[in-house]
Amino acid sequence: MMSRFIRLFRKGADHIQTFGLKSFLKKVPKKVLIKCIEKITGKPYSLVPTVASSPSGVELSYQQVPRLRPLKPLQAFTTPPAGVRINLVTDSINAGSLYGGVGTAIIFSALLAKRLNCQLRVITGTQRAEAHNFFEVLKNNKIDYDRNVEFVFADIFSDSADVDISSDDRFITTSWWTTYACLESVAAGRVTYLLQEDERMFYPYGDDHLRCSSILSQPNLKFVVNTELLFNHFVSEGFDNIAQNGMWFEPSFSSYSVPSAPATNLSTHQSDKRRFFFYARPNNLRNLFYLGLSTLEAAISQGVLSLDEWEICFVGKDLAGLKGLENIQPTFIEGLSWSEYVKFLGSVDVGLSLMYTPHPSYPPLDLAASGCISVTNRHGVKQDLSRYSRNVICKDPTVESLVQGIKEAVELANNQAVRTENYRSNKMLKDWEKSFEYVLSTMQ
C-alpha cells in the first residue's frame, strides 16, 4: 500500500514539475486529494476551493466568449523527457506579422537554442506557420542557424489541437495572452516572457487591462525586456517582480546596409519624388493613426511637405477602404516581407512613426538605421532617443509639435554633411549575439 502511495506521490510531483500546481489540482479528484492529505497529516480535512482562479480572477470560458479565444490554455499531453527543448509561443510568423517584436522573438529563440545546443519548436496559435519566414528573418539579420526547427499549429479555434510537452520543455512567450495560455498548462518557472511593450496600454481600463496587469505582476515569471527604457518604465510603475526577475537588452539593426554617405536614397527609387514614410496602422490605436493624418494634412497645407516633391507612403496594415485622403494622395503599401521592408526603407528619406507608449518602437529606429530621418512622439520616460541616433527627432504628441518635427527632419535630410555624420555616429547595435549576450549567459 505504501509503495503504491509513493508511486502516486512521485507521479503527482512529476506532473506538478511539468505542468504546474494549478493543472495538478484541476486533474486530481477532490476526494483523492483529501484522502492523501489526511493520510499524511493523520487528521480530517475539508477542501474549500483550493484550486486557484485564473490570473485575472475571471472564470468565463473562452468557449463562451469568442474574444477570449487567445486565452485558451495550451492543450498539452505528457511525453517522456527527451532533452531540453525551447518552445517559442506566438500568434503567427507569417507575412505581416514579422516586423519588430515577432522578428525579435524568432532571433532570441534561435540564439537561445543554439547557445543551449538544444531543439527548437515554434508553436503558433492563429495561423499555421510558413516556415520559410522563420529562416528569412534569421538570414536577413545575419544569424547563422542550420538546425532543424519544428513547427506546430496549436489552433486557438480548435479544441483538438494538442501539443506534446515533457518536463524538459522551456517556453518563450511573446505577449500577455500567450503567457496566460502557457501558465494555464505549464509551471511558471519554465516560462520566460519576452516583454516588448507595456501591453496594458493596448486597452482602455477594463477586463483586458486587468488580465494583462495580472500577468505582468506574476511573481514566478522570468522577464526579458526589450530596451533599458522600457525596463525602467516598468520599475517606475512599481513592478518589483520585473525589477527582481527581469533583464533587458537593446535590439540590433543588422539588416540594414546603406551608403556611407546617405544624403538621399533616390538611387533605389524610380520616381523623381522623394519618399516620406508614414507608419499607418489605423486599427492599432497606440500608433495614433489619426493624429498622424492630421499632422500630415497640416504639414502639406503649410508647405512643409510639397506633394510635387514628396510621395507620401502609408506603410502598415488594414489600409483597404480608407477614404477622404485626397489632400495627402498616399501610396498604400502592405504585406511586405522582411527583405522587402528593408529594401523599401532604402528608398525613404523622412518618416513619421508614432507610438503612444514608453517603448521607442522599431520603425523610428529602422528608419535611422537605414539612413533616414525619423520623427516620433514623446511618452513618459521616452523623451529623447538620441541615445540611438541623432537622426531620430522626438516631439510632443500634438499636431503643431509634430509638424515642427517634420520641418526639422526635411531640413536635416537635405543637409548631407550633418545627416551623414549623424548616421555614422549611430549608437544602435548591429549584432544580435551582442544584444542578447548577457541574457543568454544567464539562461544556461
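Our subject is the structure that appears above.
A. Layout of the nonpolar core. Core analysis: the largest hydrophobic core is formed by 45 residues, its most contacted members being Phe 108, Phe 134 and Phe 436. Of all the elements, helix H4 (residues 101-116) adds the most residues to this core, at nine residues. Sequence-distant contacts of Phe 108, defined by excluding residues within four places in its chain, comprise Ile 172, Leu 194, Val 224, Phe 436, Val 439, Leu 440 and Met 443. Within the second largest apolar cluster, 33 residues are counted, among which are Ala 299, Leu 307, Leu 354 and Ile 406.

B. Highlighting the pattern of salt bridges. Under the criterion given, the structure shown has 15 salt bridges. For the salt bridge of Arg 85 with Asp 169, the shortest nitrogen-to-oxygen distance reads 2.6 Å. One end of the pair, Arg 85, is in strand E2 (residues 85-90); the other, Asp 169, is in strand E6 (residues 169-173), with 84 residues separating them in the sequence. This pair shows no difference in class: Arg 85 is buried, exactly as Asp 169 is. Between Asp 198 and Arg 200 there is a salt bridge; the shortest N-O distance is 2.7 Å. Of the two residues examined, Asp 198 and Arg 200, each falls in the buried class.

C. Highlighting the environment of Phe 276. Positionally, Phe 276 belongs in strand E10 (residues 274-280). Considered as a pair, Phe 276 and Trp 310 are 34 residues apart in the sequence and their alpha carbons are 6.4 Å apart. Among residues more than four places away in sequence, those in contact with Phe 276 are Leu 296, Leu 305, Trp 310, Glu 311, Ile 312, Cys 313, Val 350, Gly 351, Leu 352 and Ile 406.

D. Geometry of the packing of aromatic side chains. Scanning all chains against the criterion turns up 19 aromatic pairs. Ring geometry for Phe 134 and Phe 151: centres 5.8 Å apart, planes at 80°, overall edge-to-face. Separated by 17 residues along the polypeptide, Phe 134 in helix H5 (residues 131-140) and Phe 151 in strand E4 (residues 150-153) bring together distant segments of the chain. You can call Phe 134 buried: its relative accessible area is 0%. Residue classification places Phe 151 among the partly exposed residues on the basis of a relative accessible area of 26%. Their ring planes at 20° and their centres at 5.6 Å tell us that Trp 432 and Phe 436 sit as a pair that is stacked. For the pair Trp 432 and Phe 436, a shared accessibility class is recorded, and that class is buried. Taken together, the ring pairs connect Phe 278, Phe 289, Tyr 290, Phe 314 and Phe 332 into an aromatic cluster. Arg 286 extends its terminal NZ or CZ atom over the ring of Phe 202, reaching a point 3.9 Å from the ring centre.

E. Molecular detail of a negative patch on the surface. Where like charges cluster on the molecular surface, the negative patch consists of Asp 144, Asp 146, Asp 431 and Glu 433. Checked against the element boundaries, Asp 146 lands in the loop between H5 and E4.

F. Spatial organisation of the sheet that holds strand E13 (residues 350-352). Spatially, six strands are ordered E12-E11-E10-E13-E14-E15 in an open sheet, and the strand pairing comes out parallel. The open sheet has two edge strands with one neighbour each: strand E12 (331-334) and strand E15 (392-395). On average, each strand axis in the sheet is inclined to that of its neighbour by 25°, with strand direction left out of account. Sheet analysis places E10 next to E13, joined by three bridges and oriented parallel. Each residue of the ladder has a partner; that of Phe 277, found in E13, is Gly 351.

G. Helix H6 (residues 176-183), seen in detail. Burial within H6 is extensive, with eight of its eight residues counted as buried. Those residues of H6 not exposed but buried are Trp 176, Trp 177, Thr 178, Thr 179, Tyr 180, Ala 181, Cys 182 and Leu 183. In the core, the buried residues of H6 are packed alongside E2, E6, strand E7 (191-195) and helix H7 (207-216).

Reading the values: the criteria
Residues numbered from 1 in each chain as written. Predicted model: local features only at pLDDT ≥ 70, side-chain atom pairs only at ≥ 80, totals over all residues. Heavy atoms only, no water. Core = buried A, V, L, I, M, F, W, Y, C linked by side-chain atoms within 4.5 Å. Buried < 20%, exposed > 50% of the residue type's maximum accessible area, 1.4 Å probe, protein only. Helix = DSSP H or I, 4+ residues; strand = E, 2+ residues; numbered from the N terminus. Contact = heavy atoms within 4.5 Å. Salt bridge = Lys/Arg side-chain N within 4 Å of Asp/Glu carboxyl O. Phe/Tyr/Trp six-rings, centres within 6.5 Å; stacked < 30°, edge-to-face > 60°. Lys NZ or Arg CZ within 6 Å of the ring centre and 35° of its normal. Patch = residues over 30% accessible without salt bridge, like charges linked within 9 Å, V, L, I, M, F, W, Y side chains within 5 Å. Areas by Shrake-Rupley, 256 points an atom, 1.4 Å probe, with all protein chains shown as cover. Lys, Arg positive; Asp, Glu negative; His and termini not counted. Charge placed at Lys NZ, Arg CZ, Asp CG, Glu CD. Pairing = 2+ DSSP bridges. Axes fitted to C-alpha atoms, helices over the stretch in contact; angles between N-to-C directions.

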